[in-house]
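Single-letter residue listing:
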Amino acid sequence: MVAKKAQGAIISVCGMIKSITIQNIATIKKAEIHFAEGFNIITGETGSGKSLIFDAISLSLGFETDRRAFRPEKSLSEIKTVMTDHSGNQRIYDIKIPKKGRAALFLNGEKADRQQIRQLSSKSVLLFGQNKMSELLKSENYYEYLDCFSGNDSIADIYRSSYEHYKNAAKELSRLEREKILGDEKKRLAQYEKREMEELGLKPNEWEETSSAIKKIENFEKIKTHLMNSEEIVCSSEKGIFALLKELRSEVNQLEQIDSSFGDISNLTDQLCVVRDELERVLSKMSDFEFDSEKLNSLRQRREKISSAMRKFNCSFDELIKKNEEIENILSEFSITEETIKNAREKLSALEKEALEKSLILSEKRKKHSQELTEKISRMLESLGFKGAEFKVIVSDKKSAENRIGGYYLDTTGKDDVDFSFSANPDIRAEALSKVVSGGELSRIALAIQATTMQSRLLPVVVFDEIDIGISGKTAQAVGKYLHDLSSSRQIIAITHLPQIASFADHYIEVRKNITEKRAETSVAYANDREARIKAVAALASGKTMTKETLDYAESLINSKKI
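Residues numbered from 1 in each chain as written. Predicted model: local features only at pLDDT ≥ 70, side-chain atom pairs only at ≥ 80, totals over all residues. Heavy atoms only, no water.

**Points about the side chain of threonine 453**
So, point 1. Summarising the element assignment, threonine 453 is placed in helix α15 (residues 439-453).
So, point 2. At 2.6 Å, the side chain of threonine 453 forms a polar contact with the backbone oxygen of isoleucine 449.
So, point 3. Apart from residues lying up to four places away in sequence, threonine 453 is in contact with Tyr145, Cys148, Phe149, Leu373 and Ile377. (Helix = DSSP H or I, 4+ residues; strand = E, 2+ residues; numbered from the N terminus. Polar contact = N/O pair within 3.5 Å; in protein donor to acceptor, adjacent residues only side chain to side chain. Contact = heavy atoms within 4.5 Å.)

Here it is in structure tokens:
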């Protein structure tokens, strides 16, 4: 934005909204609105659609608003906002809203997401609607106002960082203590299980071998019978293998005598005899097998002991064999020692002390500047029409918070409660701002707080939606003068219905609603020459019927504007 001359000084203003084009939103079929540097006023009758312009700017810059305002019978609504930065570079924010489906946002013709658009635009434009005013008066924001006014931003950031480190250390200590308790419990259980496993003394394949041995003893009678029958078959001199092999050998010898080529058969017969002898030896050895009831009971007890362990640990024998390895892993896994806990407690203690020290420094700064802020906001409120009003910035110790350190309650904002109290009348005791402020007072108090505490943070462009609600007369004139003065260093766009504020405009935009048989449509006109400006301000003062008196009154308001 180019430099603007104000009260004899040249002040550079960084960035501005150049124009906004709106299509198919409520009564606006198509409107292209141009803005200028300095103080831009938007006026119009109630219901003409002037607040739609604020909503349109909000939407195109990535902020939410009421989608019910879109023209329902049209397939597409579109808003395009053109801005320039301090170097004169142009940025175009464009949003296309279909009748159904999601809106599409664009930045300089390239598709962008809403968060990206909002993050970028919020560095240049402050939207000061009724919701924003209410937000400014929330008690959780008072810390920021006081710290900004006091120059405590860096101190507050240092404190918050220190406090976060303290909170993280407290969480870590709590985690270590919990894990140590759980670890100790698991270790005790693992050590008990290890003793059990040592007493059990499992061997690989023991389950299979034990079960096989039990089966063998349990089937003693069958085994004995089959062994005897086998011996009979092998060893019997009448019909056993022995007798048959003897006959076979005789026949084979006869063949070999006739022809030596039958020697192979003789060799095979010899091998059969060797096998028979080995089979006889094995059967003879096995025939010594006797029933042993004590061994059977012992084996059964051993198998039951193993089976009980398998049921207890709900696993197979192979898994049970691996249990020792798992137990050893558990015993080595938990390495949180008393020394670890001790070190964590010492770290927490040091961070606790540091956070408390930083909170005390921050608190001292707040208390030091609270009276000065009280006086400045009070003077600002008086200039905005609050005669005899009482405003106080109160800094006190917190009564409760998430942590208590050194006798103080602390959270991310410090050890202080920061409250704003207000009374519009000198005979009524001041109470919490949120309890006593009325709709007519809200806009001026929010403006006074914002302007006094956040002057250095006010962005290059500030857009106000009906900041004049609930005021009139000299109060409105005071607000108009303040906004005009504020526009010496930034672009101000304000929607108003009061002639006292409108008379201060550098650039005057009239929103008109034209009603035909078929529909109502909104159009835009400019009243920037003197005659048009007088008529526009007079129309605000008296409505459509203008008399010489209202024209004279409008001219007097414009003449009273100090440039």
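**Comments concerning the packing of aromatic side chains**
So, point 1. Enumeration according to the criterion identifies seven aromatic pairs in this entry.
So, point 2. Ring centres of tyrosine 142 and phenylalanine 420 lie 4.0 Å apart, and the angle between their planes is 15°; this geometry places the pair in the stacked category. A residue pair is termed long-range when its members are at least 10 positions apart, and tyrosine 142 in helix α4 (residues 142-150) and phenylalanine 420 in strand β14 (residues 416-423) qualify at 278 residues. The same class applies to tyrosine 142 and to phenylalanine 420, which are both buried.
So, point 3. Considering the side-chain rings of phenylalanine 386 and phenylalanine 422, the 5.5 Å spacing of their centres and the 85° angle between planes classify their relative orientation as edge-to-face. (Phe/Tyr/Trp six-rings, centres within 6.5 Å; stacked < 30°, edge-to-face > 60°. Buried < 20%, exposed > 50% of the residue type's maximum accessible area, 1.4 Å probe, protein only.)

**What about the sheet that holds strand β15 (residues 431-432)?**
So, point 1. In spatial order, the strands read β11-β14-β15; together these three strands make up an open sheet with antiparallel pairing. Bordering the open sheet on either side are β11 (390-397) and β15, each of which pairs with just one other strand.
So, point 2. Relative to β14, α4 is tilted by about 95°, and along the sheet it contacts β11 and β14. (Pairing = 2+ DSSP bridges. Axes fitted to C-alpha atoms, helices over the stretch in contact; angles between N-to-C directions.)

**Focus: the pairing of strand β6 (residues 76-84)**
So, point 1. The element β6 is extensively covered by neighbouring structure, given that seven of its nine residues are classed as buried.
So, point 2. Turn length for the β6-strand β7 (residues 90-98) hairpin, with the two strands adjacent in sequence and antiparallel, is five residues, and the turn residue glycine 88 shows positive phi of about 85°.

**A look at the packing of helix α6 (residues 206-218) against helix α10 (residues 293-313)**
For any two helices packed against each other, the geometry is given by the interaxial angle and the distance between the axes.
So, point 1. Two numbers describe how α6 lies on α10: the axes approach to 9 Å, and their chain directions differ by 145°. Crossing angle aside, the handedness with which α6 passes α10 is left-handed. Contacts from Glu206, Trp207, Thr210, Ser211, Ala213, Ile214, Ile217 and Glu218 in α6 reach Lys295, Leu296, Leu299, Arg300, Arg302, Arg303, Ile306, Ser307 and Met310 in α10.
So, point 2. Per-class residue counts for the contact of α6 with α10 are eight nonpolar, three polar and six charged. (Left-handed = near helix turned anticlockwise from the far one by under 90°. Nonpolar A, V, L, I, M, F, W, Y, C, P; charged D, E, K, R; others polar.)

**Points about the side chain of serine 162**
So, point 1. Tracing the backbone shows serine 162 in helix α5 (residues 153-200).
So, point 2. Each residue touching serine 162, except ones within four places of it in the same chain, is listed here: Leu351, Glu354, Ala355 and Lys358.

**Examining α4**
So, point 1. With respect to burial, α4 is a largely interior element, eight of its nine residues being buried.
So, point 2. What α4 keeps buried is the set Tyr142, Tyr143, Tyr145, Leu146, Asp147, Cys148, Phe149 and Ser150.
So, point 3. One or two steps after α4, the chain reaches glycine 151, where phi turns positive at roughly 70°.

**Here we look at the pattern of salt bridges**
Side chains that differ in sign of charge can pair as their charged atoms come close.
So, point 1. Inspection of every chain in the model, using the stated rule, returns 24 salt bridges.
So, point 2. In this structure, glutamate 555 and arginine 530 form a salt bridge, with 3.3 Å as the shortest nitrogen-oxygen distance. Of this pair, glutamate 555 sits in helix α19 (residues 548-559) while arginine 530 sits in helix α18 (residues 530-542); the two residues are 25 residues apart in sequence, bridging distant segments of the chain.
So, point 3. Arginine 530 gets classed as partly exposed once you look at its relative accessible area, which sits at 43%.
So, point 4. Ionic contacts of the salt-bridge type, sharing partners, join the residues Asp147, Arg366, Asp397, Lys415 and Asp416 into one network. (Salt bridge = Lys/Arg side-chain N within 4 Å of Asp/Glu carboxyl O.)

**Describing the nonpolar core**
So, point 1. Among the nonpolar cores identified, the biggest contains 56 residues, and Phe391, Phe420, Leu433, Ile449, Phe464 and Leu483 are the most heavily contacted of them.
So, point 2. When residues in this core are grouped by element, the largest group, seven residues, is from α15.
So, point 3. Of all hydrophobic cores here, the second largest spans 33 residues; its members include Ile33, Phe35, Val461 and Val463. (Core = buried A, V, L, I, M, F, W, Y, C linked by side-chain atoms within 4.5 Å.)

**A look at the environment of leucine 540**
So, point 1. Within the secondary structure layout, leucine 540 lies in helix α18.
So, point 2. Through-space distance from the C-alpha of leucine 540 to that of glutamate 45 is 8.0 Å; in sequence the pair is 495 residues apart.

**A few points about the environment of lysine 99**
So, point 1. Among the structural elements, lysine 99 can be located in the loop between β7 and β8 (104-107).
So, point 2. The spacing of lysine 99 and leucine 76 is 23 residues in sequence and 5.8 Å in space, taken between C-alpha atoms.

**Some remarks on the packing of α4 against helix α13 (residues 338-383)**
So, point 1. As a packed pair, α4 and α13 sit with axes 9 Å apart at the nearest point and diverge in direction by 90°. Overall, the two elements α4 and α13 adopt an arrangement that is roughly perpendicular. Across the interface between the two elements, Tyr143, Leu146, Asp147, Phe149 and Ser150 of α4 pack against Leu362, Lys365, Arg366, His369, Ser370, Glu372, Leu373 and Lys376 of α13. (Parallel < 35°, antiparallel > 145°, perpendicular 65-115°, else oblique.)

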